[in-house]
Amino acid sequence: MPFVLKEFPIPIPIKAYQFLMQSLHLNMAQSQRFINKGRVVYEGKTLENNEKAKILKNRVCIVVFEPDSMGLKPIYENQDFALFNKPAKMLIHPKGRFAHHSLIDEVRALYGEEASLIHRIDKETSGLVLVGKHKESIAKLGAMFIKNEIKKEYLALVRGDFRKSACKARDFCLTLPLATQPKGGDLCVRSKYLGEPNTESLRFKEAKSEFEVLGLWESNPLVRAGKAFERGTEDSMESLGTMQDSKSNDTPCTLLKVRPKTGRTHQIRLHLYALHFPILGDPLYGAQEEHSREYLDKEFLVPLESQYKGGGLSNAKRWAYFGATRLMLHAYRLQFNFEGKLYDFQSSENFEIP
(Lines give C-alpha, C1' and ligand atoms only; values in the text may rest on other atoms or scores of the structure.)
Protein backbone atom coordinates (compact mmCIF):
# COMPACT_ATOMS: atom_id res chain seq x y z
CA MET A 1 0.00 0.00 0.00
CA PRO A 2 1.23 3.56 -0.67
CA PHE A 3 1.68 4.64 2.97
CA VAL A 4 3.27 2.12 5.32
CA LEU A 5 4.58 2.37 8.88
CA LYS A 6 8.21 1.23 8.92
CA GLU A 7 10.50 0.75 11.89
CA PHE A 8 14.03 2.16 11.73
CA PRO A 9 16.87 1.26 14.14
CA ILE A 10 18.78 4.14 15.73
CA PRO A 11 22.44 3.18 16.36
CA ILE A 12 23.27 6.30 18.38
CA PRO A 13 21.05 8.99 19.96
CA ILE A 14 20.16 11.69 17.44
CA LYS A 15 17.77 14.60 16.99
CA ALA A 16 14.56 13.70 15.15
CA TYR A 17 15.03 16.06 12.20
CA GLN A 18 18.65 14.94 11.75
CA PHE A 19 17.63 11.30 11.67
CA LEU A 20 15.03 12.04 8.99
CA MET A 21 17.56 13.98 6.93
CA GLN A 22 20.11 11.16 7.11
CA SER A 23 17.82 8.16 6.75
CA LEU A 24 15.37 9.48 4.16
CA HIS A 25 17.73 11.95 2.43
CA LEU A 26 15.51 14.93 3.24
CA ASN A 27 16.40 18.57 3.67
CA MET A 28 15.50 20.52 6.81
CA ALA A 29 12.15 21.76 5.47
CA GLN A 30 11.13 18.30 4.28
CA SER A 31 12.02 16.70 7.61
CA GLN A 32 9.93 19.31 9.44
CA ARG A 33 6.95 18.57 7.14
CA PHE A 34 7.26 14.87 7.98
CA ILE A 35 6.89 15.74 11.66
CA ASN A 36 4.14 18.31 11.08
CA LYS A 37 2.08 15.74 9.18
CA GLY A 38 2.29 13.25 12.04
CA ARG A 39 4.41 10.77 10.14
CA VAL A 40 6.96 10.13 12.91
CA VAL A 41 6.01 7.81 15.80
CA TYR A 42 8.39 7.45 18.74
CA GLU A 43 7.74 5.25 21.77
CA GLY A 44 4.14 4.83 20.69
CA LYS A 45 3.40 8.54 20.35
CA THR A 46 3.28 10.78 17.28
CA LEU A 47 5.88 13.54 17.44
CA GLU A 48 4.41 17.03 17.79
CA ASN A 49 5.31 19.99 15.60
CA ASN A 50 7.63 21.40 18.28
CA GLU A 51 9.57 18.15 18.78
CA LYS A 52 11.82 18.22 15.73
CA ALA A 53 14.89 18.43 18.01
CA LYS A 54 13.74 15.63 20.32
CA ILE A 55 16.52 13.10 20.96
CA LEU A 56 15.61 9.68 19.56
CA LYS A 57 17.08 6.41 20.86
CA ASN A 58 16.86 2.70 19.97
CA ARG A 59 14.17 2.76 17.26
CA VAL A 60 11.54 4.97 15.62
CA CYS A 61 8.60 4.31 13.30
CA ILE A 62 8.04 6.49 10.24
CA VAL A 63 5.11 6.58 7.84
CA VAL A 64 6.69 6.41 4.39
CA PHE A 65 5.27 6.37 0.88
CA GLU A 66 5.94 3.20 -1.09
CA PRO A 67 4.36 3.20 -4.57
CA ASP A 68 2.03 0.33 -5.41
CA SER A 69 1.72 0.24 -9.18
CA MET A 70 -1.20 -1.33 -11.02
CA GLY A 71 0.63 -1.12 -14.33
CA LEU A 72 -0.71 2.14 -15.76
CA LYS A 73 1.68 3.43 -18.45
CA PRO A 74 2.05 6.89 -19.98
CA ILE A 75 0.62 7.51 -23.42
CA TYR A 76 3.64 9.72 -24.21
CA GLU A 77 6.95 10.54 -22.60
CA ASN A 78 10.27 12.20 -23.29
CA GLN A 79 13.26 13.09 -21.10
CA ASP A 80 11.40 15.98 -19.44
CA PHE A 81 7.79 14.92 -18.95
CA ALA A 82 5.24 12.16 -19.32
CA LEU A 83 1.54 12.19 -20.09
CA PHE A 84 -0.96 9.83 -18.47
CA ASN A 85 -4.58 9.14 -19.32
CA LYS A 86 -6.06 8.73 -15.85
CA PRO A 87 -9.09 6.45 -15.53
CA ALA A 88 -12.19 7.75 -13.79
CA LYS A 89 -12.40 6.92 -10.05
CA MET A 90 -8.61 6.94 -9.59
CA LEU A 91 -7.35 9.43 -7.02
CA ILE A 92 -4.70 11.85 -8.23
CA HIS A 93 -2.82 11.57 -4.91
CA PRO A 94 -3.44 9.68 -1.64
CA LYS A 95 -5.82 11.09 0.95
CA GLY A 96 -4.06 11.78 4.23
CA ARG A 97 -1.97 8.85 5.46
CA PHE A 98 -4.39 6.20 4.23
CA ALA A 99 -3.57 3.34 1.89
CA HIS A 100 -5.28 4.94 -1.11
CA HIS A 101 -4.00 3.91 -4.50
CA SER A 102 -3.51 6.94 -6.72
CA LEU A 103 -1.85 8.18 -9.89
CA ILE A 104 1.17 9.14 -7.79
CA ASP A 105 1.77 5.42 -7.22
CA GLU A 106 2.14 4.89 -10.96
CA VAL A 107 4.32 7.99 -11.40
CA ARG A 108 6.72 7.22 -8.56
CA ALA A 109 6.94 3.54 -9.50
CA LEU A 110 8.11 4.52 -12.99
CA TYR A 111 10.19 7.64 -12.38
CA GLY A 112 11.14 7.78 -8.71
CA GLU A 113 10.67 10.31 -5.94
CA GLU A 114 11.69 13.35 -7.97
CA ALA A 115 8.83 13.07 -10.47
CA SER A 116 5.73 15.12 -9.71
CA LEU A 117 2.29 15.95 -11.06
CA ILE A 118 2.14 19.31 -12.84
CA HIS A 119 -1.61 19.72 -12.30
CA ARG A 120 -4.57 17.82 -10.90
CA ILE A 121 -7.99 16.58 -11.94
CA ASP A 122 -10.76 15.20 -9.74
CA LYS A 123 -10.89 11.55 -8.74
CA GLU A 124 -14.13 11.10 -10.71
CA THR A 125 -12.75 12.84 -13.84
CA SER A 126 -10.85 10.85 -16.46
CA GLY A 127 -8.27 12.15 -18.87
CA LEU A 128 -4.87 13.68 -19.52
CA VAL A 129 -2.50 14.51 -16.65
CA LEU A 130 0.97 15.96 -17.19
CA VAL A 131 3.91 14.76 -15.07
CA GLY A 132 7.32 16.38 -14.74
CA LYS A 133 10.27 14.00 -14.48
CA HIS A 134 12.83 16.31 -12.85
CA LYS A 135 13.03 19.57 -10.93
CA GLU A 136 13.73 21.76 -13.95
CA SER A 137 10.80 20.54 -16.04
CA ILE A 138 8.50 20.55 -12.99
CA ALA A 139 9.33 24.19 -12.33
CA LYS A 140 8.96 25.27 -15.97
CA LEU A 141 5.74 23.40 -16.67
CA GLY A 142 4.27 24.43 -13.32
CA ALA A 143 4.95 28.09 -14.10
CA MET A 144 3.30 27.65 -17.50
CA PHE A 145 0.14 26.35 -15.85
CA ILE A 146 0.07 29.29 -13.46
CA LYS A 147 0.46 31.71 -16.38
CA ASN A 148 -2.29 29.89 -18.32
CA GLU A 149 0.18 29.01 -21.08
CA ILE A 150 -1.04 25.41 -21.23
CA LYS A 151 -4.40 25.18 -22.95
CA LYS A 152 -6.82 22.64 -21.48
CA GLU A 153 -10.01 21.29 -23.03
CA TYR A 154 -12.57 18.94 -21.54
CA LEU A 155 -15.54 16.96 -22.80
CA ALA A 156 -18.67 17.00 -20.64
CA LEU A 157 -21.94 15.13 -21.14
CA VAL A 158 -24.64 17.09 -19.32
CA ARG A 159 -28.30 16.59 -18.49
CA GLY A 160 -30.64 18.68 -20.60
CA ASP A 161 -31.05 20.30 -24.01
CA PHE A 162 -28.86 23.36 -24.37
CA ARG A 163 -31.13 24.67 -27.13
CA LYS A 164 -33.63 25.44 -24.36
CA SER A 165 -31.11 27.22 -22.16
CA ALA A 166 -30.62 30.94 -21.66
CA CYS A 167 -27.35 30.57 -23.60
CA LYS A 168 -28.72 30.59 -27.12
CA ALA A 169 -25.32 30.75 -28.85
CA ARG A 170 -23.41 27.61 -29.79
CA ASP A 171 -20.31 29.06 -28.10
CA PHE A 172 -20.56 31.01 -24.85
CA CYS A 173 -18.52 32.07 -21.83
CA LEU A 174 -19.47 32.08 -18.15
CA THR A 175 -17.75 34.17 -15.51
CA LEU A 176 -19.02 33.23 -12.06
CA PRO A 177 -16.89 33.50 -8.89
CA LEU A 178 -16.48 30.33 -6.81
CA ALA A 179 -15.42 29.55 -3.24
CA THR A 180 -14.43 26.48 -1.25
CA GLN A 181 -16.00 25.78 2.14
CA PRO A 182 -14.18 25.44 5.47
CA LYS A 183 -13.32 21.86 6.39
CA GLY A 184 -15.40 19.96 8.90
CA GLY A 185 -18.91 20.95 7.87
CA ASP A 186 -21.64 18.89 6.26
CA LEU A 187 -20.83 18.29 2.58
CA CYS A 188 -17.92 20.72 2.93
CA VAL A 189 -16.21 19.22 -0.13
CA ARG A 190 -18.75 21.00 -2.31
CA SER A 191 -17.63 24.35 -3.67
CA LYS A 192 -20.14 27.22 -3.84
CA TYR A 193 -20.91 29.80 -6.51
CA LEU A 194 -21.59 33.47 -5.82
CA GLY A 195 -25.28 33.99 -5.13
CA GLU A 196 -25.98 30.67 -3.40
CA PRO A 197 -27.74 30.98 -0.02
CA ASN A 198 -25.68 31.24 3.16
CA THR A 199 -22.38 31.95 1.43
CA GLU A 200 -21.80 35.51 2.64
CA SER A 201 -18.79 34.54 4.77
CA LEU A 202 -16.94 32.67 2.00
CA ARG A 203 -14.05 34.14 0.03
CA PHE A 204 -14.95 34.02 -3.65
CA LYS A 205 -12.43 34.01 -6.48
CA GLU A 206 -12.91 34.77 -10.14
CA ALA A 207 -13.75 31.72 -12.25
CA LYS A 208 -14.20 31.71 -16.01
CA SER A 209 -15.15 28.87 -18.38
CA GLU A 210 -15.79 28.77 -22.13
CA PHE A 211 -18.28 26.30 -23.58
CA GLU A 212 -18.99 24.95 -27.06
CA VAL A 213 -21.94 22.73 -27.95
CA LEU A 214 -20.77 19.64 -29.85
CA GLY A 215 -23.86 17.48 -30.03
CA LEU A 216 -27.31 16.68 -28.70
CA TRP A 217 -29.13 13.45 -27.87
CA GLU A 218 -32.92 13.59 -27.67
CA SER A 219 -32.72 10.75 -25.14
CA ASN A 220 -29.86 9.59 -23.01
CA PRO A 221 -27.13 7.89 -25.12
CA LEU A 222 -26.20 5.62 -22.24
CA VAL A 223 -29.53 3.81 -22.19
CA ARG A 224 -28.24 0.84 -24.17
CA ALA A 225 -25.63 0.24 -21.50
CA GLY A 226 -28.37 0.60 -18.90
CA LYS A 227 -30.59 -2.04 -20.47
CA ALA A 228 -27.84 -4.63 -20.15
CA PHE A 229 -27.27 -3.58 -16.55
CA GLU A 230 -30.98 -4.00 -15.78
CA ARG A 231 -30.68 -7.60 -16.96
CA GLY A 232 -28.20 -8.23 -14.16
CA THR A 233 -24.92 -7.98 -16.09
CA GLU A 234 -23.18 -5.43 -13.89
CA ASP A 235 -19.74 -7.03 -14.20
CA SER A 236 -19.83 -6.97 -17.99
CA MET A 237 -20.73 -3.28 -17.92
CA GLU A 238 -17.61 -2.21 -16.06
CA SER A 239 -15.73 -1.58 -19.32
CA LEU A 240 -18.44 0.78 -20.53
CA GLY A 241 -18.45 2.66 -17.27
CA THR A 242 -21.78 4.38 -17.97
CA MET A 243 -25.30 3.37 -17.03
CA GLN A 244 -28.46 5.42 -16.96
CA ASP A 245 -31.29 5.27 -14.45
CA SER A 246 -34.35 3.82 -16.18
CA LYS A 247 -36.46 6.64 -14.70
CA SER A 248 -34.45 9.14 -16.77
CA ASN A 249 -34.21 7.24 -20.05
CA ASP A 250 -35.98 9.99 -21.98
CA THR A 251 -33.80 12.80 -20.59
CA PRO A 252 -32.03 14.68 -23.39
CA CYS A 253 -28.28 15.18 -23.05
CA THR A 254 -25.82 17.64 -24.56
CA LEU A 255 -22.13 17.06 -25.24
CA LEU A 256 -19.99 20.11 -24.55
CA LYS A 257 -16.39 21.11 -25.09
CA VAL A 258 -15.16 23.12 -22.12
CA ARG A 259 -12.12 25.40 -21.88
CA PRO A 260 -11.51 26.48 -18.27
CA LYS A 261 -9.70 29.81 -18.13
CA THR A 262 -9.11 29.59 -14.38
CA GLY A 263 -8.49 26.57 -12.17
CA ARG A 264 -10.88 26.67 -9.22
CA THR A 265 -11.92 23.55 -7.35
CA HIS A 266 -14.72 21.71 -9.22
CA GLN A 267 -14.99 24.72 -11.56
CA ILE A 268 -16.51 23.00 -14.61
CA ARG A 269 -18.86 20.88 -12.53
CA LEU A 270 -20.12 23.82 -10.49
CA HIS A 271 -20.43 26.22 -13.43
CA LEU A 272 -22.60 23.72 -15.31
CA TYR A 273 -24.65 23.04 -12.19
CA ALA A 274 -25.21 26.80 -11.79
CA LEU A 275 -26.49 26.87 -15.38
CA HIS A 276 -28.95 24.06 -14.46
CA PHE A 277 -27.15 21.55 -16.69
CA PRO A 278 -25.31 19.26 -14.23
CA ILE A 279 -22.84 16.74 -15.59
CA LEU A 280 -24.25 13.26 -15.92
CA GLY A 281 -23.02 11.02 -13.11
CA ASP A 282 -21.98 13.87 -10.81
CA PRO A 283 -22.27 12.68 -7.18
CA LEU A 284 -21.95 16.16 -5.65
CA TYR A 285 -23.65 18.75 -7.88
CA GLY A 286 -27.23 18.14 -8.95
CA ALA A 287 -27.60 15.09 -6.68
CA GLN A 288 -29.76 14.70 -3.59
CA GLU A 289 -27.81 15.50 -0.43
CA GLU A 290 -28.41 12.12 1.20
CA HIS A 291 -27.02 10.42 -1.92
CA SER A 292 -23.96 12.67 -1.90
CA ARG A 293 -23.34 11.83 1.76
CA GLU A 294 -23.60 8.11 1.06
CA TYR A 295 -21.19 8.47 -1.88
CA LEU A 296 -18.61 10.30 0.27
CA ASP A 297 -18.91 7.76 3.10
CA LYS A 298 -18.51 4.79 0.77
CA GLU A 299 -15.75 6.21 -1.41
CA PHE A 300 -13.53 7.94 1.13
CA LEU A 301 -14.23 6.54 4.61
CA VAL A 302 -13.91 2.85 3.76
CA PRO A 303 -10.43 1.47 2.97
CA LEU A 304 -9.58 1.86 -0.71
CA GLU A 305 -8.40 -1.74 -0.90
CA SER A 306 -12.00 -2.72 -0.12
CA GLN A 307 -13.19 -0.59 -3.04
CA TYR A 308 -10.95 -2.48 -5.47
CA LYS A 309 -12.56 -5.69 -4.20
CA GLY A 310 -16.02 -4.40 -5.05
CA GLY A 311 -16.56 -1.92 -2.22
CA GLY A 312 -17.31 1.77 -2.56
CA LEU A 313 -20.64 2.93 -3.88
CA SER A 314 -21.98 0.22 -6.16
CA ASN A 315 -22.61 0.74 -9.86
CA ALA A 316 -26.28 0.06 -9.24
CA LYS A 317 -26.53 2.92 -6.74
CA ARG A 318 -24.43 5.28 -8.86
CA TRP A 319 -26.80 4.59 -11.74
CA ALA A 320 -29.91 5.10 -9.65
CA TYR A 321 -28.62 8.19 -7.81
CA PHE A 322 -26.54 10.03 -10.41
CA GLY A 323 -27.53 8.64 -13.83
CA ALA A 324 -24.17 7.03 -14.66
CA THR A 325 -21.55 4.91 -12.92
CA ARG A 326 -18.98 7.67 -13.33
CA LEU A 327 -18.75 11.41 -13.78
CA MET A 328 -19.06 12.10 -17.51
CA LEU A 329 -16.24 14.64 -17.58
CA HIS A 330 -13.00 13.98 -19.46
CA ALA A 331 -9.80 16.03 -19.77
CA TYR A 332 -9.21 15.31 -23.43
CA ARG A 333 -6.72 17.92 -24.70
CA LEU A 334 -3.52 19.65 -23.57
CA GLN A 335 -1.68 22.07 -25.86
CA PHE A 336 1.53 23.93 -25.02
CA ASN A 337 4.94 25.03 -26.28
CA PHE A 338 7.90 23.60 -24.38
CA GLU A 339 11.57 24.11 -25.16
CA GLY A 340 10.73 25.47 -28.60
CA LYS A 341 8.41 22.62 -29.61
CA LEU A 342 4.62 22.70 -29.90
CA TYR A 343 2.81 19.79 -28.26
CA ASP A 344 -0.87 19.08 -28.89
CA PHE A 345 -2.17 15.99 -27.11
CA GLN A 346 -5.72 14.73 -27.57
CA SER A 347 -7.34 11.54 -26.31
CA SER A 348 -10.93 10.46 -25.83
CA GLU A 349 -9.88 7.05 -24.49
CA ASN A 350 -11.77 6.24 -21.26
CA PHE A 351 -14.67 8.44 -22.45
CA GLU A 352 -16.55 6.40 -25.01
CA ILE A 353 -20.21 7.33 -25.53
CA PRO A 354 -22.25 4.55 -27.18
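Predicted model, so just to flag it, every value in this text is computed and none were measured. (Residues numbered from 1 in each chain as written. Predicted model: local features only at pLDDT ≥ 70, side-chain atom pairs only at ≥ 80, totals over all residues. Heavy atoms only, no water.)

Caption draft 1: Representation of the layout of surface pockets. The space that makes up the second largest pocket amounts to roughly 1,300 Å³. Elements with a contribution of two residues or more to the lining of the second largest pocket: helix H2 (28–36), strand E4 (55–65), helix H3 (103–111), strand E7 (116–117) and helix H4 (135–146). With 3 residues, H2 is the single largest residue contributor to the lining of the second largest pocket. Tallied by class, residues from the lining of the second largest pocket come to 12 nonpolar, 5 polar and 10 charged. (1 Å grid on protein atoms, 1.4 Å probe; cavity = no way out; pocket = protein on both sides within 12 Å on 5 of 7 lines; lining within 4 Å. Points joined across faces, edges and corners; volume = space filled by probe spheres on them. Helix = DSSP H or I, 4+ residues; strand = E, 2+ residues; numbered from the N terminus. Nonpolar A, V, L, I, M, F, W, Y, C, P; charged D, E, K, R; others polar.)

Caption draft 2: View of H2. Within H2, burial applies to Ser31, Gln32, Phe34 and Ile35. Buried residues of H2, seen end-on, are gathered within an arc of 155 degrees and therefore sit on one face of the element. Lining the buried residues of H2 we find helix H1 (16–24), strand E2 (40–42) and E4. In this structure asparagine 27 caps H2, since a side-chain oxygen of it lies 3.2 Å from the backbone nitrogen of alanine 29. Directly beyond the C-terminal end of H2, a positive phi value near 75 degrees is found at glycine 38. (Buried < 20%, exposed > 50% of the residue type's maximum accessible area, 1.4 Å probe, protein only. Arc of directions from axis to C-beta. Contact = heavy atoms within 4.5 Å. Polar contact = N/O pair within 3.5 Å; in protein donor to acceptor, adjacent residues only side chain to side chain.)

Caption draft 3: How the structure looks around empty space enclosed by the protein. The final tally for this structure, using the stated rule, is 1 cavity of 30 Å³ or more. Approximately 30 Å³ is the volume attributed to the largest cavity. Around the largest cavity, the lining residues are His119, Leu128, Lys152, Glu153, Tyr154, Ala331, Arg333 and Leu334. Within the residue set of the lining of the largest cavity, elements represented by two or more residues are strand E9 (151–159) and strand E15 (329–338). Here the residues of the lining of the largest cavity are counted per class, giving 4 nonpolar, 1 polar and 3 charged.

Caption draft 4: Region of the structure containing the packing of aromatic side chains. Tallied over the full model, the rule gives 18 aromatic pairs. Relative to phenylalanine 81, the ring of tyrosine 76 has its centre 5.9 Å away and its plane inclined at 40 degrees; by these criteria the two rings are tilted. By relative accessible area, which is 0% here, phenylalanine 81 ends up buried. On the basis of an interplanar angle of 15 degrees and a centroid distance of 5.8 Å, the ring pair of tyrosine 343 and phenylalanine 345 is categorised as stacked. Members of the aromatic cluster, joined through ring pairs, are Tyr76, Phe81, Phe336, Phe338, Tyr343 and Phe345. (Phe/Tyr/Trp six-rings, centres within 6.5 Å; stacked < 30°, edge-to-face > 60°.)

Caption draft 5: Structural view of the sheet that holds E4. With respect to topology, 4 strands assemble into an open sheet ordered E1-E4-E2-E3, the strand pairing being antiparallel. Two strands in the sheet have a free side with no partner beyond their single neighbour: strand E1 (3–15) and strand E3 (45–46). Of the strand pairs in this sheet, E2 and E3 are connected by 2 bridges, and their pairing is antiparallel. Considered in E3, the bridge of tyrosine 42 is made with lysine 45. (Pairing = 2+ DSSP bridges.)

Caption draft 6: Representation of unusual backbone geometry. In this model, asparagine 58 sits at a positive phi of 70 degrees, which is unusual for a non-glycine residue. Inspection of the secondary structure assignment puts asparagine 58 in strand E4. On the basis of relative accessible area, asparagine 58 is assigned to the exposed category, the value being 56%. The phi torsion at lysine 89 lies on the positive side, around 75 degrees, for a residue other than glycine. Residue placement: lysine 89 occurs in the loop between strand E6 (81–86) and H3.

Caption draft 7: Geometry of the packing of H1 against H2. Orientation of H1 relative to H2, taken along the N-to-C sense of each, is 110 degrees, at an axis distance of 9 Å. Taken together, the axis directions place H1 and H2 in an arrangement best described as roughly perpendicular. As for how H1 packs across H2, the hand of that crossing is right-handed. Here H1 contributes Ala16, Tyr17, Leu20, Met21 and Leu24 to the contact with H2, which in turn contributes Met28, Ser31, Phe34 and Ile35. A per-class count over the contact of H1 with H2 returns 8 nonpolar, 1 polar and no charged. (Axes fitted to C-alpha atoms, helices over the stretch in contact; angles between N-to-C directions. Parallel < 35°, antiparallel > 145°, perpendicular 65-115°, else oblique. Left-handed = near helix turned anticlockwise from the far one by under 90°.)

Caption draft 8: Inspection of the pairing of strand E16 (residues 341–346) at higher detail. Taken together, the 6 bridges between E15 and E16 define a ladder with antiparallel strand orientation. Residue pairing for E16: phenylalanine 338 is matched across the bridge by lysine 341. Here E15 folds back onto E16, and the loop between the two strands holds 2 residues, one of which, glutamate 339, carries a positive phi near 55 degrees.

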